[in-house]
Amino acid sequence: VRPTTRLLPLEFIDGFKPTDREAVIRARGHAEGILRDLADAFGHNIFVDGLFNADPHPGNILIERDQGAVVLLDFGLAKRLEKRTRIGIARLVLASADGDVSGVLRAMRELGLDEIIQDDPNAAIHVTRFLFRDAAPSTYARSTSSNDNMSTTKTHATEEAVLCTPTHEEITNARIDLDNIDHLETNISHTSIKYRDTTSSDIDQDSETDSTDSNDEHPAYLSRATGKLYPRAATPGTILFVLRVIGCLRGIAVQLGVSQSYLNSLKPYAIAALAREQGTLSERGPPLPIIGNKWTSLRSRIMAKLKSLVQDNMGGIQLAAFVHGELCLNEAFGVHGPSDQRPISPNTLFSIFSCGKAVTASLALTLVQDRILDLDKSISEQPIEAARHFFLKHQALNTRLSPKDFLEHKTGLASAWPPKFAKALSSLDAAYFAPNNKDKSNKDDTKPWRDALRWIRRHADPDPETLGVFQYHAVSFGWLVGGLLELSAGEPFPDLLNTRIGRPLGISDHLYARLYPQHEYDLNSDVNNDSPWQRLADVCLNQDGINFSENNFFAADPRLINEPSLRSIMLPSATMHASAYGLAAMFGALANHGALADGRRFLAAETVDTFVNRYRQALSRLDTRDAAPFGFRPYLFSDNAKGTQRFGFGHAGLGQLHCLCEPDSGIGIAVCINNLASGDSSTSISIAEEALSFAINELTDGTLSIHI
């Protein structure tokens, strides 16, 4: 019987409220299943159907007395989500579940909540973490007998509820098989859910005008009653209805005395929503060279390996290789990240972190070749006058140090951080890092670079104990070497990179010193583990008195590199962007006397051969575990046929990115990954390292192996 304008048929449901813990256990045997079924139902409604009951409360939910099935009642207030809003909410749920600060901010922007995050992004994170918190019942609530008054249990449980964060294991278990998303369509029918509409349906189309007015400029206010932060800014009405759903699930969990991670329950459906909308999108990018048919079998084996390594990690990987200047591998697999389901392609740009140091060192070789930089002479003896006065405060350093010392991390300035730059980084001052190009009065969008370089030259004080001794310059390498190259060549660093490496090798679209807004589509999206970035912050930033407290979420989360303002910083030691193809092409040329097989060249053969000989001579006199001759880190190879060892050179970046070459075999190779290795790499081989080792073994038919 269907309802009409004059007839409203009803159906009697014999059941009880989901907050009746004794009845729930009697009907289902345990209370956890009720919460799981409810989360599945609302997750499917919100993210798959795009239509959900916007008035959830225990009175609109029943548990059938006989079968224990969950029954959803009263769809008098329903909300239909527009595609953009549904995707934004899906991102917000995923980022909140994973503790992804940058993802939360991105989602809030997509949902029109810029006002909340503009003035104080940290406060916005506090607000989001409170709104999306998980409530675990207290010991009192879990131990309360079923005979106690339920309202008393609710009061105590609510007062004593604690904030919970999903464990890594819980997050991992919540991931789904993206190749089989359709099972979510049918899976909901296997749960004990029934829908009963007891009134005429009044479905609201999503409206972005639903809001709450506020004249207070601060993005949040502190409630004296709860001691928590709440948003003041206008919020799209649909988001509030979604929060009502989450609040309802949390409240039922507390009353039933059940620990339930509702974000983990909703996460698979949020992933499904993103995968449906983004999984078929193709990556833009320039046409790539065609790989010869003779490499087909090798490519199949490499791709199978990449799939086996990445498919369960919700990340993406690229691997490219040249042999004697010929492109033989340019493979990509996976997705941009948990909250961005676009597939990785060979054109995807990755943040290459410290691999940029090898690119900068290669750029220095081009200046040496043109005799505008002399690696061995002191700074004061350089061919170009402007470069002779690099240090303005400690002018004696110009006589003591050489460009080679700059490249080899021997300036004593490993911990040199310009205060203005460090302060802006700690607070994620987007206006400082990425000036508004709409403001015609401010056309210098490289101001952070200029400010930092000026401070290094005029104010930085070297550590006398490490002056002349190798001490890794994690970040200051970029200002020192990049600044010296600019002064020597008289050109901005990005122009130098493009004219001397990008254009000659045809990789201008695959190698960038800094990024601009138009590149955002091509970027990989997510960095998924915090320990490497945290170590960098601890080592470099805290030494200069910048206190990254646990309340400053940006310092604690490596995914802050996904912030557009940070990805646009020009810092050759840490923020370059490239594809594996771009890096492999450069190292493929270095492994083949400066040129690729099709004639593309960026260095003369004599220059490369001289450098390789000098590099290997330097290694014979150094402890290879603690050295970077001419700016390149050594890679040890074993010749399995001859039983000998030899060195290649390149660099690694955070997350186990690698770019390197082995001149004797003519191999130039690079691997980029956006899922940083978790755990102790000494006991667990990272995905990138395993892919690199496998590829080199396959490229040489097992005669060459790499020790990472």
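Remember, predicted model here, so these are calculated numbers, not experimental data. (Residues numbered from 1 in each chain as written. Predicted model: local features only at pLDDT ≥ 70, side-chain atom pairs only at ≥ 80, totals over all residues. Heavy atoms only, no water.)

### Concerning the overall build of the protein
Next, step 1: Within the protein, the secondary structure is distributed over 27 helices and 22 strands.
Next, step 2: Burial statistics for the protein: of 708 residues in total, 56% are counted as buried.
Next, step 3: The contacts of the protein with a sequence gap of at least 6 include a subset with a gap of at least 24, amounting to 73%.
Next, step 4: Accessible surface computed for the protein: about 29,900 Å², of which carbon and sulfur atoms make up 48%. (Helix = DSSP H or I, 4+ residues; strand = E, 2+ residues; numbered from the N terminus. Buried < 20%, exposed > 50% of the residue type's maximum accessible area, 1.4 Å probe, protein only. Contact = heavy atoms within 4.5 Å. Areas by Shrake-Rupley, 256 points an atom, 1.4 Å probe, with all protein chains shown as cover.)

### A closer look at the sheet that holds strand E15 (residues 350-351)
Next, step 1: Pairing in this open sheet of three strands is antiparallel, and the strands run E15-E17-E16 from one edge to the other. The open sheet terminates on both sides in strands that have one partner only, identified here as E15 and strand E16 (511-512).
Next, step 2: Where E15 and strand E17 (residues 577-578) come together, two bridges link them in antiparallel fashion. Looking at the pairing, serine 351 lines up with histidine 577 of E17. (Pairing = 2+ DSSP bridges.)

### A few points about the sheet that holds strand E19 (residues 644-653)
Next, step 1: Read from one edge of the open sheet, eight strands run E14-E13-E12-E21-E20-E19-E18-E22, paired in antiparallel fashion. Each edge of the open sheet carries a strand with a single partner, namely strand E14 (340-343) and strand E22 (704-707). Averaged over all adjacent pairs, the angle separating strand axes in this sheet is 20°, with direction ignored.
Next, step 2: Contacting strand E12 (316-323), strand E13 (326-337), E19, strand E20 (657-662) and strand E21 (667-673), helix H25 (residues 580-590) crosses the sheet at an angle of about 20° to E12.
Next, step 3: Contacting E12, E13, strand E18 (633-639), E20, E21 and E22, helix H27 (residues 687-699) crosses the sheet at an angle of about 155° to E21. (Axes fitted to C-alpha atoms, helices over the stretch in contact; angles between N-to-C directions.)

### Some thoughts on the pattern of salt bridges
Next, step 1: Counted by the stated rule, this structure contains 24 salt bridges.
Next, step 2: The residue aspartate 37 makes a salt bridge to arginine 28 at a minimum N-O spacing of 2.9 Å.
Next, step 3: On the basis of relative accessibility, which here comes to 7%, the residue aspartate 37 falls in the buried class. (Salt bridge = Lys/Arg side-chain N within 4 Å of Asp/Glu carboxyl O.)

### Re the packing of helix H19 (residues 447-458) against helix H20 (residues 476-489)
Next, step 1: Contact pair H19 / H20: the axes reach a minimum separation of 10 Å and the direction vectors enclose 95°. It follows that H19 is roughly perpendicular to H20 by the angle criterion. Residues Trp449, Arg450, Ala452, Leu453, Ile456 and Arg457 of H19 pack against Gly478, Trp479, Leu480, Gly482, Gly483, Glu486 and Leu487 of H20.
Next, step 2: Of the residues contributing to the contact of H19 with H20, the split by class is seven nonpolar, three polar and three charged. (Parallel < 35°, antiparallel > 145°, perpendicular 65-115°, else oblique. Nonpolar A, V, L, I, M, F, W, Y, C, P; charged D, E, K, R; others polar.)

### Some points on helix H21 (residues 493-505)
Next, step 1: Between its terminal C-alpha atoms H21 stretches 17 Å, which fits the 18 Å expected from 13 residues at 1.5 Å a residue.
Next, step 2: Taken as a whole, H21 carries its principal kink of about 35° at threonine 499.
Next, step 3: Of the positions making up H21, those classed as buried are Phe493, Leu496, Leu497, Arg500, Ile501, Gly502 and Leu505.
Next, step 4: On the buried face of H21, the contacting elements are helix H14 (355-369), H20, E16 and H25.
Next, step 5: In the stretch just after H21, glycine 506 is the one whose phi turns positive, near 70°. (Expected span 1.5 Å × (residues − 1). Bend = angle between axes of the 7 residues up to and from the residue.)

### Looking at the environment of lysine 357
Next, step 1: Here lysine 357 is to be found in helix H14.
Next, step 2: On the accessibility criterion, lysine 357 (0% relative accessible area) is buried.
Next, step 3: Residues lysine 357 and leucine 407, 50 residues apart in the sequence, show an inter-C-alpha distance of 8.6 Å.
Next, step 4: Contacts of lysine 357, omitting those with residues within four sequence positions, involve His409, Tyr472, His473, Ala474, Phe477, Pro572, Ser573, Gly631 and His651.

### Some words on the packing of aromatic side chains
Next, step 1: On inspection of all chains with the given rule, the structure shows 16 aromatic pairs.
Next, step 2: With 6.5 Å between their ring centres and 45° between their planes, tryptophan 449 and phenylalanine 493 make a pair best called tilted. Residue tryptophan 449 is found in helix H19, and its partner phenylalanine 493 is found in helix H21; the two are separated by 44 residues along the sequence.
Next, step 3: Since its relative accessible area comes to 0%, phenylalanine 493 is described here as buried.
Next, step 4: One aromatic cluster in this structure is built from Phe587, Phe611, Tyr615, Phe630, Phe632 and Phe649.
Next, step 5: Over the aromatic face of phenylalanine 630 sits the side chain of lysine 404, whose NZ or CZ is 5.3 Å from the ring centroid.
Next, step 6: A cation over an aromatic ring shows up here: arginine 457 above the ring of phenylalanine 390, its NZ or CZ 5.7 Å from the ring centre. (Phe/Tyr/Trp six-rings, centres within 6.5 Å; stacked < 30°, edge-to-face > 60°. Lys NZ or Arg CZ within 6 Å of the ring centre and 35° of its normal.)

### Things to note about H27
Because the α-helix completes a turn every 3.6 residues, residues three or four places apart line up on one side.
Next, step 1: Across its 13 residues, H27 extends 18 Å between first and last C-alpha, which sits within 8% of the 18 Å expected from 1.5 Å per residue.
Next, step 2: Restricting attention to buried positions, one finds in H27 the residues Ile687, Ala688, Glu689, Ala691, Leu692, Ala695, Ile696, Glu698 and Leu699.
Next, step 3: Positive phi appears at aspartate 701, one or two residues downstream of H27, with a value of about 55°.

### Thoughts on the packing of helix H13 (residues 296-310) against H27
Next, step 1: Viewed as axis vectors pointing N to C, H13 and H27 meet at an angle of 165°, and their least axial separation amounts to 10 Å. With respect to H27, the axis of H13 lies roughly antiparallel. For the crossing formed where H13 meets H27, the hand is right-handed. Facing H13, whose interface residues are Leu298, Arg301, Ile302, Lys305, Leu306, Leu309 and Val310, H27 presents Ile687, Glu690, Ala691, Phe694, Ala695, Glu698 and Leu699.
Next, step 2: Partitioning the contact of H13 with H27 into residue classes produces ten nonpolar, no polar and four charged. (Left-handed = near helix turned anticlockwise from the far one by under 90°.)

### What to know about unusual backbone geometry
Next, step 1: Residue histidine 324 is not a glycine yet carries a positive backbone phi of 50°.
Next, step 2: The topology assignment puts histidine 324 in the loop between E12 and E13.
Next, step 3: Judged by relative accessible area, histidine 324 falls into the partly exposed class, the value being 48%.

### A short note on the pairing of strand E4 (residues 70-73)
Next, step 1: Of the two faces of E4, the one carrying Val70 and Leu72 and the one carrying Val71 and Leu73 are both buried.
Next, step 2: Looking at chain direction, strand E3 (residues 61-64) and E4 are connected through three bridges and run antiparallel. The residue of E4 that forms the bridge with isoleucine 61 is leucine 72.
Next, step 3: Counting the residues in the hairpin turn of E3 and E4 gives five residues, including glycine 68, whose phi is positive at 75°.

### Some remarks on the state of the cysteines
As used in these notes, a disulfide is a covalent bond between sulfur atoms, one from each of two cysteines.
Next, step 1: Here the structure, examined in full by the defined rule, presents zero disulfides.
Next, step 2: Lacking any disulfide linkage, cysteine 355 is separated from the closest cysteine sulfur, that of cysteine 659, by 3.7 Å. (Disulfide = S-S within 2.5 Å.)

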